[in-house]
Amino acid sequence: MLRFAPSPTGDLHIGNLRVALINYILAKQRREPFLVRIEDTDTQRNVEGKDREILEILQRFGIEYDQLLYQSQNLHFHQQLAFKLLQEGKAFPCFCTPEELERERQRAKEEGRPYRYSGKCAQRSLAQASRHPGKFSIRIKKPEAPITFQDRIKGFISFDPFDVDSFVILRADGRPTYNFACAIDDMLSDVSLVVRGEDHLSNTPKQIHIRQELGYSKAIEYAHLPMILNQEGKKMSKREQGASVRWLLEEGYLPEAIANYLLLLGNKTPTEIFTLQEAIQWFDLANLSRAPARFDLEKLRFINRAHLRRKGPQELAALLGIEPAQGALAAIYLEEASTLKELRAKIEPIFAKDRDLGEFEREGELLRQAIAGMGELPAEFEVFKGQLMEATGLRGKQFFKPLRILMTGLAHGPELHLLYPHLRDHIQKVVQ
Ligand code: GLU
């Protein structure tokens, strides 16, 4: 089983989508089922509706899952297993108050050392816990030996017991911590390989430690993906433009182009432009770079345009929400637009009622009258142009600028002779 485990706490980040794509590809390659687990246990951070939004986005990207699980469904297992560790003396009840712990954290910060639990409650027992139900959290005891594992991307990794620490697995209110819920769920779902962002690297020894203490002997493999950085080389924050998948979709980037771009990042691929289905044929974790990747919107634009060019006219029209017959016209505008939003901005003025002729008001009027008098327009642009020049006496800029504005609604754009065949009928309506 492979899994993607998003938290429904905000917009889906491109880093998470990359994780989802890679897990999906690996599931297909290994012929293992794919699980989507919504990590909703941190109830204070959950944002209403984000789970559904994430699932919709996965669907738009063609990421199909075999199972859907809400982490909260496993709550009774989390609680049961935390008490099992407590009973077996592998965990202890911790009565330290949040204020006390915060003071210790502050002190560590002031002294410039990493915060670790003081160990104050480490000798407390189950008997003491039973006398004060609801008053304690449960901490797992830190391991006695280093926790090591072989990461599929980063190689051999080892964490000292000091760094794993005696950490909380179940809060006083009965809610599991992220590390505990995640470790248990991966075990219960029989996950074989976890691919996730490098920001989780220090969680991995904790999760391995939990399962070892529970006596789970199957080793889960890990691959930690390097982070996606922004142009300044900093971790891409959630609020940054381009970091939110929703934002990219709203801007008119195609799911297939975003997927292509994310799979290209820090990877060696046989071609630059490909589909998700093609990537399933050749994707290999071994080709991923260990160095962080840099997000480059210009590159994404280039890839988006390449995918837009692959669309037939009808498909393009459907994406833009215009008449099927207008798709071929839209395709010409791909010369100068890279997203659906930009394409729309070019196409809409053509079909808008008004024409802003600016300083060419007079010339525009002459052209209007001449065109209106022409009856059916000639098939060739050259012929049309010749007849129109003769009728109006206009030349050069005085001719071409107002003609372009009449035809397209904009002062700039692709060559008029390319547009003309698609606009013949329309021009006559405009001049009425
Ligand atoms: N909910 C975690 C996240 O979104 C999942 C991490 C994991 O894959 O274990 O970062």
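Residues numbered from 1 in each chain as written. Predicted model: local features only at pLDDT ≥ 70, side-chain atom pairs only at ≥ 80, totals over all residues. Heavy atoms only, no water.

Peer 1: How do you make sense of the packing of aromatic side chains when you look at a structure like this?
Peer 2: Any two aromatic rings considered together are summarised by their centre-to-centre distance and by the angle between their planes. Across all of its chains, the model carries 10 aromatic pairs by this definition. Between Phe 274 and Trp 282, the ring centres sit 4.8 Å apart and the planes meet at 90°, which makes this aromatic pair edge-to-face. According to the relative accessible area criterion, Phe 274 is buried, its value standing at 1%. Take Trp 282: its relative accessible area is 22%, and that puts it in the partly exposed class. (Phe/Tyr/Trp six-rings, centres within 6.5 Å; stacked < 30°, edge-to-face > 60°. Buried < 20%, exposed > 50% of the residue type's maximum accessible area, 1.4 Å probe, protein only.)

Peer 1: In this structure, what is going on with the sheet that holds strand β8 (residues 168-170)? I would like to understand it.
Peer 2: Each strand in a sheet pairs with another by means of backbone hydrogen bonds, the pair being arranged parallel or else antiparallel. The strand order across the open sheet built from three strands is β4-β5-β8, with neighbouring strands paired in antiparallel fashion. In the strand order of this sheet, the two ends are held by β4 (91-94) and β8, each with one partner. Across the sheet, the mean angle from the axis of one strand to that of its neighbour is 45°, orientation sign disregarded. Where strand β5 (residues 137-140) lies against β8, two bridges are found, and the strand directions are antiparallel. In the sheet register, Ile 138 faces β8, and the bridge partner there is Leu 170. (Pairing = 2+ DSSP bridges. Helix = DSSP H or I, 4+ residues; strand = E, 2+ residues; numbered from the N terminus. Axes fitted to C-alpha atoms, helices over the stretch in contact; angles between N-to-C directions.)

Peer 1: Before we go on, may I ask you to explain helix α1 (residues 14-30) in this structure?
Peer 2: The periodicity of an α-helix, 3.6 residues per turn, causes residues three or four places apart in sequence to face the same way. Compared with an ideal rise of 1.5 Å per residue, which puts 17 residues at 24 Å, α1 spans 24 Å between its outermost C-alpha atoms and is within 8% of the ideal. Of all 17 residues that make up α1, 13 are buried, and the element is covered over most of its length. (Expected span 1.5 Å × (residues − 1).)

Peer 1: Looking at this structure, how should I read the nonpolar core?
Peer 2: Here is a general trend for soluble globular proteins: nonpolar side chains tend to be buried in one another's company. Grouped together as the largest cluster of nonpolar side chains are 91 residues, with contacts concentrated most on Ile 63 and Leu 403. Looking at this core element by element, the count peaks at 10 residues for α1. With 32 residues, the next largest nonpolar core counts Leu 85, Val 164, Phe 167 and Leu 201 among its residues. (Core = buried A, V, L, I, M, F, W, Y, C linked by side-chain atoms within 4.5 Å.)

Peer 1: Would you mind going over helix α16 (residues 361-372) with me for this structure?
Peer 2: Here α16 spans 16 Å end to end across 12 residues, near enough to the 16 Å set by a 1.5 Å rise per residue. In this fold, the buried residues of α16 make contact with α17 (381-392), α18 (396-408) and α19 (416-431). (Contact = heavy atoms within 4.5 Å.)

Peer 1: Would you mind going over unusual backbone geometry with me for this structure?
Peer 2: Apart from glycine, the bulk of residues carry a negative phi angle, and the bulk of peptide bonds sit in the trans form. Positive phi outside glycine occurs at Arg 31, with the angle close to 55°. Looking at Arg 31, the relative accessible area reads 77%, which means it is exposed. A positive phi angle, close to 70°, is found at Asp 165, a residue other than glycine. The class for Asp 165 is buried, based on a relative accessible area of 9%.

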